[in-house]
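Examining the three-dimensional arrangement
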Amino acid sequence: MVEPADRSSTAGQRLGAPESFGVSTLEPGLRPPAQPPGRQVSIRVQMLDDTQEVFQISQRSPGKVLFDLVCAHLNLVEGDYFGLEYQDQRKMTVWLDLLKPTLKQIRRPKNTILRFVVKFFPPDHTQLMEELTRYLFALQIKRDLACGRLICNDTSAALMVSHIIQSEIGDFDETQSWQHLLHNKYLPDQDAIRDEIIDCHREHVGQTPAESDYQLLEIARRLEMYGVRLHPAKDREGTKLSLAVANSGVLVFQGNTKINSFNWSKIRKLSFKRKRFLIKLRADPTQNAHHDTLEFAMASRDCCKVFWKICVEYHAFFRLFEEPKPKPKPILFTRGSSFRFSGRTQKQIIDYVKDSEPKKVPFERKHSKILSNSSMSPQSASTRSHVPKESATSIPLADQPDSDRLSHLAVPNGSEEPQAVTPPTNGLHGLTAVPGSDLTQPRQNHHIAGSVLDQQLLNPGSPGSENSPLGGPHVAVNGNGSVNGQRMGRTGVLGAEQSPEVQPLSPLTSPLLTEAGYVRNDEEDEARRKKFPTDKAYFIAKELLTTERTYLSDLQVITESFHSAVGKDEAFPDSVRSLISANYDPVYKFHQGFLKETEQRLAQWEGRSNAHIKGDYQRIGDVLLKNIQGLRQLTIHLQKHSECLVELERACRSSRKVETLCRDFEQQRVCYLPLNIFLLRPLHRLLHYKLILERLCKHYPPTHDDFRDCRAALADISEMVLQLQGIMMKMENFQKLIELKKDLTGVEDLICPGREFIRLGCLSKLSGKGLQQRMFFLFSDCLVYTSRGMTPSNQFKVHGQLPLYGMTIRESEEEWGVPHSFTLFGQRQSVVVAASCASEMERWVEDIRMAIDLAEQSSSLNNDLLSTSLSDNKLSEDGGGEQESEDELGSSRSSLERQGHRGNTTVHVCWHRNTSVSMVDFSIAVENQLSGNLLRKFKNSNGWQKLWVVFTNFSLFFYKSHQDDYPLASLPLLGYSVTVPSESENIHKDYVFKLHFKSHVYYFRSESEYTFERWMEVIRSATCSTSRALPSTRKDLY
């Protein structure tokens, strides 16, 4: 019997909410609410660690009383993810109803054992805030593996078992690991893959039990059978199927393969009639279809009802903001079931844990021979890394008897005096709470139609967007063992049953993915700010970390995704494949280690490191110096990257099939930028290191301990940049010509020796029918003007070209009566054009004059002009562009869906925003790349939504977290203005900047003054076009 002791605090104080939200968040030892009077009955409950506990309840107590007793016994705050299941008199496994009396459900309590198990499986384990909750989930995964319920391939199974063993016995020891595997059964066919389990375990040296739990859940959540409980059924044709329910909706399986899914946003009603289970779908407005009803036959009415109940509970838990209210009792007769979900929803759990500061009580892992105190200080809890770090020394006790191990109980690592606590019989000593943590959101597929407006695109929770195709967690396995295009190393190998194709995605959006899931209050922000380091050097180092994560992900596109896409195709030349692998794989491997060191240093700097580690870690110069010196050894590979770009382009020119392969790869969501930009990333990254070190050296006084290392690292990286700068500039120009070639039609031999790109943008050309919008491209030898073509690929059709040799330019606003107009006088023809504003005109005139001077310096006229497929340059000037409203054009180009048709390139954005960019702008954008978490808010919304944001290529790319493989959406910034909100906008927060274009307004909020200034700086570099005469660190490119 468990009889908690009295405590002074109350459940309401812990919960901060009405009792109707549930009281499964009791303080350790807190007595639950008084039970109804009556005879006491003993109920046995089997825990996830296989221990059994006996609880005394009143015979009239509802199921909620028993459930709360179990949660209080475990000191479990996030108890609503769990439930109590048992076998009823029909031998069916059912869930204990928390609202009904327990003894009305369990007819023979003396002969019934209830099992405390995971009931609701969230799409992402990072939504579990407490280490104890993750530990219990890990036990559930361990149980599902052992009983064969969690189906996966051998590689995934071996990797998961290796993490379980690491958490139980610690670091690899060959004899001990073999003995442990011999005496413990983790898989039905464990012996067949024992060697592979040992190999995986060997790689986990130094990993704490908490980290092992985290990695285990990271692998498990990607499996198709994660959290799936199959309910046998048949379709109308009598085919044997299985139904299951998940956070995203109702799933249909054939065997162990998912063949269909019905998302909550598409389901109108779930019901059952006798033994028929009915799913009524919403009508599809795009197909003008009627409501569709799907019918499945189950074994009995009871089977239908059991499955229907769990569907109701899953829907309420993941989709609702709060517990549904009970229906009023009918006066005369009842109609339908009165069953409803009881307990807190997922949103309420997360809000509670983030807003409260529950006491951190250590707990013991029953099966683990490593004892850790698992108690994190409030500071370390709030700023912990994505992989939880335990804050005390892990003590291997493999050689000690069990009784000795149980006597080693860790104590909280705080200012209070350690207290002796008697371990409970179930082996779970308490909990580790992680309050105030920011939730890392689940990976979601978000493929959005091109017609969706900016606000709907960036606001999954906006009105009218419920049915937008927001996908649930979906994993695609590529041939190289990568997940959705992202290589996970050994932690990312998935089940063989998953299809390599990306299947249609679930339009689920749980409450966590809407604005309401991200509302943060002022007290939380203030507390969070106090817990973070405030030194500017810390935020500079954090910028290094965030941009390094993005850089490594970009390298992954080349080393894994692209390699996987072309690796098995015989048409792709082996020489090019080998050249790319030989020169990018070593760089990728090196930066994996660099990122790991940077993450460890930032964790130590923030106070999230292990308590036994001593030393001054509030510095980053030593890490940078060590790795930049290592990077110098890779210079020979960096020098070869230009050759990789040239050879890849040569292969595309010589083979139509290779060109198609590359084009198809660019249409994949993982390739969110033109492929050639990824090839130049390693060269660009050198500039980022140089700028970061310059900021550190400027910040530190010469007497600072970190100054010497930073200055030495700056000298090394400056030497590398100087050595490779010539290659970098040539390759940037070459890459830009390649991209423009894809955007233009009717032009041949655009890429030729000596030709340099200078500026592209939108101008109005004066013709007999008035001013017509044209796209102009300025090169070092000619000026080309085009209109937007009608082809499916949205290419621009060349209308004419003007040689620069002998050209003159004259402002002609008064002559033609057209504002901001000027005339270009060529040797063959003259053209009158007008810019959208005075500043645009000034930039064009300046660049054209500079280009004319370059052409005049040539010894003679360059006859190697653009070879076009046009019979002459006299084309119809009125048959060019499509007529579209500016609001349509400006708001629809954020979608990634049109990327396959090249509808979101810089050229198209300039066309729709009526602006221009120069090669200098592109070069500045290369230097001003930035990544990090921002809070985003709309003009008419209340909540702030946390997103991982990447700025590159004049656009913001939005992710749920830095671990996502591809962006959910993008926002091209050309034409936008960036300012600080005014007082009238009522944005009473620090470090907020505002982006606006016409009627589109977004607010973004950063975490510190430094990050605020950096985001303002890089965004201004994209929204304010630069001419060649303006100051630039790389203005003298040609």
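Everything discussed here concerns the structure shown above.
The structure contained in this document is the topic of the report that follows. (Residues numbered from 1 in each chain as written. Predicted model: local features only at pLDDT ≥ 70, side-chain atom pairs only at ≥ 80, totals over all residues. Heavy atoms only, no water.)

Further remarks concern the overall build of the protein. Of regular secondary structure, the protein possesses 27 helices and 32 strands. Per-residue burial over the protein gives 59% buried out of 1038 residues. Counting only contacts in the protein whose residues sit at least 6 apart along the sequence, the fraction spanning at least 24 positions is 68%. (Helix = DSSP H or I, 4+ residues; strand = E, 2+ residues; numbered from the N terminus. Buried < 20%, exposed > 50% of the residue type's maximum accessible area, 1.4 Å probe, protein only. Contact = heavy atoms within 4.5 Å.)

The next thing to look at is the packing of helix α6 (residues 174–183) against helix α7 (residues 194–202). The contact between α6 and α7 brings their axes to 11 Å, and the two run at 135°. With respect to each other, α6 and α7 are oriented oblique. Both α6 and α7 take part in a crossing whose hand is right-handed. Between α6 and α7, the residues in contact are Ser177, Trp178, Leu181 and Leu182 and Arg194, Asp195, Ile197, Ile198 and His201, respectively. Class assignment of the residues belonging to the contact of α6 with α7 gives a composition of 5 nonpolar, 2 polar and 2 charged. (Axes fitted to C-alpha atoms, helices over the stretch in contact; angles between N-to-C directions. Parallel < 35°, antiparallel > 145°, perpendicular 65-115°, else oblique. Left-handed = near helix turned anticlockwise from the far one by under 90°. Nonpolar A, V, L, I, M, F, W, Y, C, P; charged D, E, K, R; others polar.)

Attention shifts here to the pairing of strand β7 (residues 240–246). Of all 7 residues in β7, 6 are buried, a share of seventy percent or more. In the sheet, strand β6 (residues 231–234) pairs with β7 via 4 bridges, with the strands oriented antiparallel. Paired with alanine 233 across the bridge in β7 is leucine 241. Direction of pairing for β7 relative to strand β8 (residues 249–254): antiparallel, over a ladder of 5 bridges. Bridge pairing in β8 links leucine 243 to valine 252. Between β7 and the antiparallel strand that follows it, β8, lie 2 residues. (Pairing = 2+ DSSP bridges.)

Within the chain, arginine 274 stands out as a residue other than glycine whose phi angle is a positive 55°. Relative to the helices and strands, arginine 274 resides in the loop between β10 (267–273) and β11 (276–281).

The side chains of a regular strand alternate between the sheet's two faces. Judged by how many residues are buried, strand β32 (residues 1000–1005) sits mostly within the fold: 6 of 6 residues are covered. What you see with β32 is no split at all: His1000, Tyr1002 and Phe1004 on one side and Val1001, Tyr1003 and Arg1005 on the other are buried throughout. Both strand β26 (residues 930–938) and β32 contribute to a ladder of 4 bridges, which runs antiparallel. The residue bridging leucine 935 from the neighbouring strand is arginine 1005, located in β32.

Another aspect to go through is helix α15 (residues 536–566). Taking 1.5 Å of rise per residue, 31 residues should cover 45 Å, and α15 covers 44 Å from first to last C-alpha, within 8% of that figure. The largest bend along α15 measures about 35° and falls at valine 557. (Expected span 1.5 Å × (residues − 1). Bend = angle between axes of the 7 residues up to and from the residue.)

What follows deals with the packing of aromatic side chains. The geometry of an aromatic ring pair is captured by two quantities: the separation of the ring centres and the angle between the planes. Scanning the entire structure with this criterion turns up 34 aromatic pairs. Look at phenylalanine 121 and tyrosine 226: their rings are 5.3 Å apart centre to centre, the planes differ by 80°, and that puts the pair in the edge-to-face class. One end of the pair, phenylalanine 121, is in the loop between β5 (113–118) and α4 (131–146); the other, tyrosine 226, is in the loop between α8 (209–220) and β6, with 105 residues separating them in the sequence. For phenylalanine 121, a relative accessible area of 4% gives the class buried. Judged by relative accessible area, tyrosine 226 falls into the buried class, the value being 12%. Feature note: the residues Phe67, Tyr81, Phe82, Phe116, Phe120, Phe121, Phe137, Tyr226, Tyr314, Phe317 and Phe318 constitute an aromatic cluster, connected by ring pairs. Here arginine 669 stacks its cationic end above the ring of tyrosine 966, 4.8 Å away from the centre of that ring. Above the plane of the ring of phenylalanine 922 lies lysine 736, whose end atom (NZ or CZ) is 3.6 Å from the centre. (Phe/Tyr/Trp six-rings, centres within 6.5 Å; stacked < 30°, edge-to-face > 60°. Lys NZ or Arg CZ within 6 Å of the ring centre and 35° of its normal.)

Ordered in space as β29-β28-β27-β26-β32-β31-β30, the 7 strands form an open sheet in which the pairing is antiparallel. Either end of the sheet is taken by a strand with one partner, and the two such strands are β29 (969–972) and β30 (977–979). Within this sheet the neighbouring strands show an average axis-to-axis angle of 35°, counted without direction.

With that out of the way, let us pick up the pattern of salt bridges. Under the counting rule described, the total for this entry stands at 44 salt bridges. The partner of aspartate 709 in a salt bridge is arginine 619, with the nearest N and O atoms 2.7 Å apart. Of this pair, aspartate 709 sits in helix α21 (residues 707–743) while arginine 619 sits in the loop between α16 (574–605) and α17 (621–632), placing them 90 residues apart in sequence. Of the two residues, aspartate 709 and arginine 619, neither departs from the other in class, the shared state being buried. Taking the shortest distance from any N to any O, the salt bridge between glutamate 1017 and arginine 1014 comes out at 3.1 Å. Of this pair, glutamate 1017 and arginine 1014 both sit in helix α27 (residues 1009–1023), 3 residues apart, roughly one helical turn. Glutamate 1017 sits in the partly exposed class, given a relative accessible area of 43%. (Salt bridge = Lys/Arg side-chain N within 4 Å of Asp/Glu carboxyl O.)

Now for the side chain of histidine 125. Following the sequence through the fold, histidine 125 ends up in the loop between β5 and α4. Within the structure, the side chain of histidine 125 is placed 3.5 Å from the side chain of aspartate 124, a separation counted as a polar contact. Within polar-contact distance, the side chain of histidine 125 engages the side chain of glutamate 218 at 3.3 Å. (Polar contact = N/O pair within 3.5 Å; in protein donor to acceptor, adjacent residues only side chain to side chain.)

The subject of this paragraph is the sheet that holds strand β4 (residues 93–95). Strand order in the open sheet made by the 5 strands is β2-β1-β5-β3-β4, with mixed pairing throughout. The sheet is open, and its two edges are formed by β2 (52–58) and β4, each paired on a single side. Across the sheet, the mean angle from the axis of one strand to that of its neighbour is 40°, orientation sign disregarded. Note that strand β3 (residues 82–87) and β5 share 4 bridges and pair antiparallel. Bridge pairing in β5 links glutamate 85 to arginine 115. Running over the sheet, helix α2 (residues 63–74) touches β1 (40–46), β2, β3 and β5 and is turned about 135° from β2.

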